[in-house]
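Spelled out from the first residue to the last, the chains are:
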Amino acid sequence: MNTAQRYLRFARFEAHGHSPCYADWTRRIADDMEVLALVERLPTAKRQPNLVLASARYVGARQGPFEEFKDFLIDNWPLVHDVAMTHSTQTNEPARAAVLLPLFTRIADPEPVHLIEIGASAGLCLYPDKYSYRYDDRPWLNPWSGPSPVRLSCKTIGDPPMPERLPAVIGRVGVDLNPLDVGDAEHMRWLECLIWPEQQERLDRLHRAAAITRADPPEFVRGDLNDTIEELVRAAPDNAQVVVFGSAVLAYLDADERARFVETIRGLRCTWIANEGCRVVPVGRGLLPKPCSETRDRFVLTEGGVPVAYSGPHGQSLEWFRRN
């Protein structure tokens, strides 16, 4: 996929229906040779629409007509380039906890869970027991202390195992090459720029989840997940179910690194949950009910490498297809 195709795909299958601004910008970039030439000065891995657009906003680009954005990009490209080269797309969407919760809760019965998140960013998904949830029109499911300031709604299809209570979490560990600190103003500003224009609800949720994280910070390990995961699993307490999970992380590994991780995780005493794009986690033939070409706007949720559901990339939906 060349750069123009990459931006057009983002416009059609990711931003469409979620951010009119980003859908318009990326569609127009795909047809603009001048802007494409700028983007292609970056290494291939750094040409992601999310990263380039967030970098531009980080240095001052404002939501508006494409022509104004283009002028800003041309005038400020050295700054945008520097941010893209020193940052990565560490989108930390706490609402993804809503699609992970049914698996967390089932694993945590009857023992508590020790959570290890790969590619954790700021660790906001390490707090599934601190958020409130509503699936379809069911009653809200709240922490034992009462309703949470972070309230997550999720639409479901199929017959997912609906949680009746939140899991008991006795450990939270995040692994990341560059962990973000929600107590650092510049780190928070980067997280804000990774949220797309027009998505005020997501921005508000980020701030509320960050407040929970600041009050009870997780343990963070800075490093490559392949170099750290075995030690972290082995160090987990014996009186808990160890859960290793991640969302939109493994796609950033090359094929060899991904294969190494899968081989390692299968040999460890843990449950592995992945919430990734189609084709990222290798699954057996015939286990997905639809071809990947029909589910480009969704992730595939897997447990132990077995696909169980499609999920909205920001936790907004869960389409369960595995028999419970």
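Residues numbered from 1 in each chain as written. Predicted model: local features only at pLDDT ≥ 70, side-chain atom pairs only at ≥ 80, totals over all residues. Heavy atoms only, no water.

A. Representation of the overall build of the protein chain. The secondary structure content of the protein chain amounts to eleven helices and ten strands. Whereas a compact globule of 324 residues would reach a radius of gyration of roughly 20 Å, the protein chain reaches 19 Å, a difference of no more than 12%. Within the span of the protein chain, comprising 324 residues, buried residues form 54% of the whole. A separation of at least 24 residues holds for 71% of the contacts in the protein chain among residues at least 6 apart in sequence. Of the roughly 15100 Å² of accessible surface on the protein chain, 48% is carried by carbon and sulfur atoms. Taking the 38 positively charged and 44 negatively charged side chains of the protein chain as two groups, their mean positions are separated by 4 Å. (Helix = DSSP H or I, 4+ residues; strand = E, 2+ residues; numbered from the N terminus. Rg over C-alpha atoms; globule rule 2.2 N^0.38 Å. Buried < 20%, exposed > 50% of the residue type's maximum accessible area, 1.4 Å probe, protein only. Contact = heavy atoms within 4.5 Å. Areas by Shrake-Rupley, 256 points an atom, 1.4 Å probe, with all protein chains shown as cover. Lys, Arg positive; Asp, Glu negative; His and termini not counted. Charge placed at Lys NZ, Arg CZ, Asp CG, Glu CD.)

B. Representation of the state of the cysteines in the model. Within this structure, the stated rule accounts for one disulfide. Covalent S-S linkage joins Cys-278 and Cys-292, the inter-sulfur distance amounting to 1.8 Å. Residues Cys-278 and Cys-292 share a disulfide whose torsion about the S-S bond is about -55 degrees; that sign makes it left-handed. Of the two residues, Cys-278 is situated in the loop between strand S7 (271-277) and strand S8 (299-303) and Cys-292 in the loop between S7 and S8; the sequence distance between them amounts to 14 residues. Looking at Cys-292, the relative accessible area reads 12%, which means it is buried. Of all cysteine sulfurs, the one in Cys-154 lies closest to Cys-125, which takes part in no disulfide; the gap is 13 Å. (Disulfide = S-S within 2.5 Å.)

C. Here's a closer look at the nonpolar core. Core analysis: the biggest nonpolar cluster contains 76 residues, and Phe-69, Tyr-131, Tyr-133, Trp-190 and Ile-273 have the highest contact counts within it. Here this core takes eight residues from helix H7 (residues 97-107), the largest share from any one element. Here Phe-69 is in contact with Trp-25, Ile-29, Leu-53, Ala-56 and Ala-61, once residues within four sequence places are set aside. By size, the runner-up hydrophobic cluster in this structure holds 23 residues, among which are Ile-116, Ile-229, Val-244 and Leu-253. (Core = buried A, V, L, I, M, F, W, Y, C linked by side-chain atoms within 4.5 Å.)

D. Representation of the sheet that holds strand S6 (residues 241-247) within the structure. Judged by pairing direction, the sheet is mixed, and its ten strands sit side by side in the order S2-S3-S10-S9-S8-S7-S6-S1-S4-S5 without closing on themselves. Unpaired on one side and paired on the other, strand S2 (132-135) and strand S5 (219-222) mark the two borders of the sheet. Sheet twist, expressed as the mean angle between neighbouring strand axes with direction ignored, is 25 degrees. Relative to strand S10 (residues 317-320), strand S3 (residues 151-157) runs parallel, the two sharing three bridges. Within S10, the position partnered with Lys-155 by the bridge is Ser-317. In the packing of H7 onto the sheet, the strands contacted are strand S1 (113-118), S2, S3, S6, S7, S8, strand S9 (306-311) and S10, and the crossing angle to S7 comes to about 165 degrees. In the packing of helix H10 (residues 225-234) onto the sheet, the strands contacted are S1, strand S4 (169-176), S5 and S6, and the crossing angle to S1 comes to about 175 degrees. (Pairing = 2+ DSSP bridges. Axes fitted to C-alpha atoms, helices over the stretch in contact; angles between N-to-C directions.)

E. Structural context of empty space enclosed by the protein. Under the criterion given, the structure shown has one cavity of 30 Å³ or more. If you add up the space inside the largest cavity, you get close to 60 Å³. Taken together, Gln-90, Thr-91, Asn-92, Glu-93, Pro-94, Leu-191, Leu-194, Ile-195, Arg-202 and Leu-206 make up the full set of residues lining the largest cavity. Grouping the constituent residues of the lining of the largest cavity by class yields five nonpolar, three polar and two charged. (1 Å grid on protein atoms, 1.4 Å probe; cavity = no way out; pocket = protein on both sides within 12 Å on 5 of 7 lines; lining within 4 Å. Points joined across faces, edges and corners; volume = space filled by probe spheres on them. Nonpolar A, V, L, I, M, F, W, Y, C, P; charged D, E, K, R; others polar.)

F. Representation of the packing of aromatic side chains in the model. Within the structure shown, the criterion is met by ten aromatic pairs. Taking 6.0 Å as the distance between ring centres and 35 degrees as the angle between the ring planes, the aromatic pair formed by Tyr-22 and Trp-25 counts as tilted. Highlighted residues: Tyr-22 and Trp-25, both in helix H2 (residues 20-29), separated by three residues, approximately one helical turn. Pair check on accessibility: Tyr-22 and Trp-25 agree, each one buried. Relative to Tyr-135, the ring of Tyr-133 lies with its centre 6.4 Å away and its plane at 5 degrees, an arrangement referred to as stacked. Since its relative accessible area comes to 1%, Tyr-133 is described here as buried. Grouped by ring-pair contacts, the aromatic residues Phe-10, Tyr-22, Trp-25, Phe-69 and Trp-196 constitute a single cluster. (Phe/Tyr/Trp six-rings, centres within 6.5 Å; stacked < 30°, edge-to-face > 60°.)

G. Layout of the pattern of salt bridges. If you walk through the whole model with that rule in mind, you get 19 salt bridges. Across the salt bridge formed by Asp-32 and Lys-70, the nearest N and O atoms sit 2.9 Å from each other. Taken together, the residues Asp-32 in the loop between H2 and helix H3 (33-39) and Lys-70 in helix H5 (residues 66-75) connect sequence positions 38 residues apart. As far as burial versus exposure is concerned, Asp-32 and Lys-70 are alike and both buried. The residue Arg-205 makes a salt bridge to Glu-93 at a minimum N-O spacing of 3.0 Å. On the criterion of sequence distance, the pair formed by Arg-205 in helix H9 (residues 200-215) and Glu-93 in the loop between helix H6 (77-86) and H7 is long-range, its members being 112 residues apart. Neither Arg-205 nor Glu-93 differs from the other in exposure class; each is buried. (Salt bridge = Lys/Arg side-chain N within 4 Å of Asp/Glu carboxyl O.)

H. Quick look at the side chain of Ser-148. Mapped onto the elements, Ser-148 comes out in the loop between S2 and S3. A relative accessible area of 6% places Ser-148 in the buried class. Among the polar contacts made by the side chain of Ser-148, one reaches the main-chain amide nitrogen of Val-150 at a distance of 3.0 Å. Once you skip the residues sitting within four places of it in the chain, Ser-148 turns out to touch Lys-130, Tyr-131, Ser-132, Asn-142, Pro-143 and Ile-212. (Polar contact = N/O pair within 3.5 Å; in protein donor to acceptor, adjacent residues only side chain to side chain.)

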